[in-house]
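One letter stands for each residue in the lines below.
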Amino acid sequence: QVQVVESGGGLVQAGGSLRLSCGVSGGTFSKYGMGWFRQAPGKEREFVAAINWSGVSTYYAESVKGRFTISRDNAKNTVYLQMNSLKPEDTAVYYCAANPGVSLVVSDFEYDYWGQGIQVTVSS
């Protein structure tokens, strides 16, 4: 049974930084493509960033490009989302997801395993 657990969320002022972590257990992490999504109140879940199995390939939503960085440590079964220059509009519940197909994917329906989500709140 694959488990996905996010950590590192919280409250930060605009312009600040946070690093989210996502640990995966119960599967072969090094064979998973990984992604981050978010859902703000009253809005649909949206893609944030994705990384392929090796970490060589990454892809970002336009809204976070240049501010967020996704990375992974396959030895630790963990993927990270470094969020800099945070804005109030980044406030959302952030979800980590795993795709057993090793590739980088941006569509949420291609991800099989999801975390519970973690709140990120950016105050103005």
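Let me begin by describing the structure that accompanies this report. (Residues numbered from 1 in each chain as written. Predicted model: local features only at pLDDT ≥ 70, side-chain atom pairs only at ≥ 80, totals over all residues. Heavy atoms only, no water.)

**A look at the pattern of salt bridges**
Should their charged atoms come close, side chains of opposite charge can pair. For clarity, the threshold we go by: One speaks of a salt bridge when a side-chain nitrogen belonging to Lys or Arg is within 4 Å of a carboxyl oxygen belonging to Asp or Glu. Burial status follows relative accessibility: with a 1.4 Å probe on protein chains alone, a residue under 20% of its type maximum counts as buried, one over 50% as exposed, and anything between as partly exposed. Each helix is a run of DSSP H or I of at least 4 residues and each strand a run of E of at least 2, with the numbering of both proceeding from the N terminus.
Under the definition given, this model contains five salt bridges. In this structure, Glu 46 engages Arg 38 in a salt bridge whose closest nitrogen and oxygen atoms are separated by 2.6 Å. The exposure class of Arg 38 is buried, given its relative accessible area of 5%. The shortest N-O distance in the salt bridge between Arg 67 and Asp 90 comes to 2.7 Å. Pair noted here: Arg 67 is in the loop between strand E6 (58-60) and strand E7 (68-73) and Asp 90 is in the loop between strand E8 (78-83) and strand E9 (92-99), with a separation of 23 residues, a long-range link. On the basis of relative accessible area, Arg 67 is assigned to the buried category, the value being 11%. Looking at Asp 90, the relative accessible area reads 1%, which means it is buried. Here the salt bridges share partners, and the residues they tie into one network are Arg 38, Glu 46, Arg 67 and Asp 90.

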